[in-house]
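# Residue-level structural notes
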Amino acid sequence: MTTFYHSTRSRNESLTSKQAILEGIAPDGGLFVRDDVAEGAPSLESLLAGTYQDRARLVLGHLLDDFTAEEISGCVDAAYGPNFDSPAVTPVVPCGDDWTLELWHGPTSAFKDIALQMLPQLMRVSREGDGRGVMIVTATSGDTGKAALEGFADVAGTGVTVFYPHGKVSDVQRLQMATQRGENVAVCAIEGNFDDAQTQVKRIFADAALRDRLAEKNVVLSSANSINVGRLVPQVTYYFDAYAQLVAAGKLKSGDAIDFCVPTGNFGDVLAGYYAKLMGLPVRKLIVASNANDVLTDFIATGTYDRRRPFHKTISPSMDILVSSNLERLLFYLSDGDCELVSSLMKDLAEQGFYTVPEHVLERLHETFECGRADDTATRETIRETWERHGVILDPHTAVARHVLEARPADGVARVCLSTASPYKFSADVLAALGHDTTDMDGFECMDALFEVTGAKVPEALSALRDAQERFSDVVSVPEMSGYVEDAAARILV
C-alpha cells in the first residue's frame, strides 16, 4: 500500500513520494512529511546486513514506497559507485575513544553528495511520462550548491539555478560553483546572507504568478535543498550504515545504544538521524552542534526559537544560518502530527521572528536531542588539538561537532561525530588553526601547504579547480532573484 505525503501545515493535499519530490515544497509553504515513519520499516537485522547500497535500497524502498524495487535499485546503482573514492561510501574511522563518520568521499567532497547524487536519479524516475521541464532552484550556504550542480549537470529536461551569499562562502566553495560545467546550470551570488537567499527561494516557490508563467512554458519549479523530501531521505541510510560498520567491527552488539553528534545549520542532517531512530535504530541521543549562530542551541535548551539576533560570519560558513527549515518537520513529529500547531508556530516565526513550543513538545524534544556550541576560537583549538593528539585533520564544521562532543563526559555508549566536509574545502582556515601564517596566500597555496603539513590526500576534484575557468560571476539583490530564475528557465529550458 502506497504511503502518501502531505504538508507539515495541513492535510489538504496528499501526494505520492514521486509527486512530493517533483513539487519540492508544499503550496502552503510547508514541507512534505508522511504520518508514520516507523510503520512497515525494515528490521534492524536486515538493515545491518550487506553493503551500503543494500541498506540504501531498504531505506529508500520504505520511505519512498511508490517507487518499485527495480526503480530504487537502479537509482542506488547510479548514485553510489565509482563517483565515491571509498568503497564504503561513508567510512567510520576512529578518533580517540570516539568515532568519526566521514561523509565527504563523493565528487564534491561534502556530505551533500550522499543525497545529491541520489536526488537526480529519483527525479528522473519521477518525471517519466511527465513531459514538463524542471527548474531546480536552490539556496546554498556553501556545499549544497556545488553538489546540486554536479548532480544535475546536463540532465535532460532539467535546469539548475543556485544562489549563494556573496562573500560568505570559502574560496574553494565559490570556485566549485563558479567553474561548474554543464549547459543547463546557472550560478548567482546574492547581496545578503544564506537566510536571505533561502527565504526568497521559498517566496519564489509560493509565487503563483511566476508559477503560472512558467507553466505556460511547460516548466515546473522544484528544489534540491533539504526542504525536498528526496534530499532528506537518502541521508537516513548513513546512520544505519555507521551502526552496521561498528557492529561488523565488533565495537557494538546489535541493539546497543549509540549517540551521534551532528554539526548542522538547516537541521536536515540531524533530522535524518531522527528518521533513523523512528525506523528502529537504537539512537540514544542526537547532539546538535552549532557555531556562533547558535539559534538551535538556544531552542533545544529553552523551547523558544528566536531568529532576532546578530548574524555571525564564521569559519564554518555552511552553518551560518538563523532559520533552520527542517526543524519544521521535527515539530510535526514531536507534536504527533499537529498541523495546526506547526502552521501557527511558522506564522509566528515569519511575523514576529520567534516562537515558543508547548511544554509537551519541549519534553519530547529533550528525550532525544541535546546541544552545544563552539565559537571560532574553540573551533580552531579543536582542529589543532585533534591533529596533535590523534593525527586526524578536521574541517571547521566537523571541529564544531568534535568540540561539543568532547565537552560531554563519556559514559560507555558509543559516540559518532559526523564529518561533513573535506578539510581541503577550507584549507586556509584549517592551516591557520594549525598555527601557520596564511597571510598573502591564496586558496591553492594553502591547500598545498596543508598537504605538506598533514600528508592527508587532497581530493582530485578540488586540486583540479586551480586550472578550471570561471563561468559565473553574477551578483543580484534579493528581490532580483525571481527574475533571475525566470530568465534562467527561458535560457535553459524553453
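Let me sum up the structure you'll find in this document. Remember, predicted model here, so these are calculated numbers, not experimental data.

The next point concerns the overall build of the protein. Counting its secondary structure elements, the protein contains 22 helices and 15 strands. For the protein, the C-alpha radius of gyration of 21 Å lies close to 23 Å, the compact-globule estimate for 494 residues. Taking the principal axes of its C-alpha atoms as reference, the protein extends roughly 60 × 50 × 45 Å. Considering the protein as a whole, with its 494 residues, one finds that 62% of them fall into the buried category.

Note on sheets: strands pair through backbone hydrogen bonds, and any given pair is parallel or antiparallel. A sheet is described by the order of its strands in space; here six strands give the open sequence S3-S4-S14-S9-S10-S13, paired in mixed fashion. Looking at strand neighbours, the two that pair on one side only are strand S3 (92-95) and strand S13 (369-373), the edges of this open sheet. Across this sheet, the average inter-strand angle for adjacent strands is 25 degrees, counted without regard to direction. Bridge count between S3 and strand S4 (residues 98-102): four bridges; the pairing is antiparallel.

Assignment of secondary structure puts Leu296 in helix H13 (residues 295-302). Judged by relative accessible area, Leu296 falls into the buried class, the value being 1%. On a C-alpha basis, the gap between Leu296 and Gly61 in space is 31 Å, while along the polypeptide they are 235 residues apart. Among all residues touching Leu296, those that are not within four sequence positions of it are Thr264, Gly265, Phe267, Val288, Ser290, Tyr305, Ser324 and Leu327.

Per the stated rule, a full pass over the model turns up 12 aromatic pairs. Considering the side-chain rings of Tyr52 and Tyr80, the 5.4 Å spacing of their centres and the 80 degrees angle between planes classify their relative orientation as edge-to-face. Taken together, the positions of Tyr52 in helix H3 (residues 52-63) and Tyr80 in the loop between helix H4 (69-79) and S3 put the pair 28 residues apart, joining distant regions of the chain. With relative accessibility at 3%, the residue Tyr52 sits in the buried group. Residues Phe163 and Tyr484 carry aromatic rings whose centres are separated by 5.7 Å and whose planes lie at 65 degrees to one another, so their mutual orientation is edge-to-face. Linking Phe163 in strand S6 (residues 158-165) with Tyr484 in helix H22 (residues 481-492), this pair joins segments that are 321 residues apart in sequence. Ring pairs connect the aromatic residues Tyr52, Tyr80 and Phe84, which therefore count as one cluster.

The terminal C-alpha atoms of H3 lie 17 Å apart, and with 12 residues this matches the ideal 16 Å at 1.5 Å per residue to within 8%. Next to the buried residues of H3 lie helix H2 (44-48), H4, helix H5 (112-116), helix H6 (119-127), helix H11 (229-248) and helix H12 (268-278).

Moving on, we come to the sheet that holds strand S8 (residues 219-222). Spatial strand order, S8-S5-S6-S7-S15: five strands in an open sheet with parallel pairing. Each end of this open sheet is capped by a strand with a single partner; those strands are S8 and strand S15 (474-476). With strand direction ignored, the average angle separating the axes of adjacent strands in the sheet is 25 degrees. Summarising the sheet, strand S5 (residues 133-139) and S6 pair through six bridges and their orientation is parallel. Bridge pairing in S6 links Ala139 to Phe163. The strands that helix H7 (residues 144-152) touches are S5, S6 and strand S7 (185-190); relative to S6, the one it contacts most, it runs at about 165 degrees.

Two elements in contact, helix H14 (residues 327-334) and helix H15 (residues 339-352), have axes whose closest approach is 9 Å; the angle formed by their N-to-C orientations is 145 degrees. H14 and H15 meet at a crossing whose hand is right-handed. Taking contact as the criterion, the partners of Glu328, Leu331 and Phe332 in H14 are, on H15, Cys339, Val342, Leu345 and Met346. For the contact of H14 with H15, the per-class residue count stands at six nonpolar, no polar and one charged.

Residues Tyr80, Tyr239, Phe260, Tyr355 and Phe369 are the most contacted members of the largest nonpolar core, which totals 109 residues. Counting residues per element, this core draws most heavily on H11, which supplies 11 residues. Leave out the neighbours within four places in its chain, and Tyr355 touches Phe299, Gly303, Thr304, Tyr305, Leu327, Leu331, Leu345, Met346, Asp348 and Leu349. Formed by 28 residues, the second largest nonpolar core is a distinct cluster that contains Leu31, Phe205, Leu214 and Ala488.

Basis of the calculations
Residues numbered from 1 in each chain as written. Predicted model: local features only at pLDDT ≥ 70, side-chain atom pairs only at ≥ 80, totals over all residues. Heavy atoms only, no water. Helix = DSSP H or I, 4+ residues; strand = E, 2+ residues; numbered from the N terminus. Rg over C-alpha atoms; globule rule 2.2 N^0.38 Å. Buried < 20%, exposed > 50% of the residue type's maximum accessible area, 1.4 Å probe, protein only. Pairing = 2+ DSSP bridges. Axes fitted to C-alpha atoms, helices over the stretch in contact; angles between N-to-C directions. Contact = heavy atoms within 4.5 Å. Phe/Tyr/Trp six-rings, centres within 6.5 Å; stacked < 30°, edge-to-face > 60°. Expected span 1.5 Å × (residues − 1). Left-handed = near helix turned anticlockwise from the far one by under 90°. Nonpolar A, V, L, I, M, F, W, Y, C, P; charged D, E, K, R; others polar. Core = buried A, V, L, I, M, F, W, Y, C linked by side-chain atoms within 4.5 Å.

As far as function goes, none of this settles anything; it's purely spatial.
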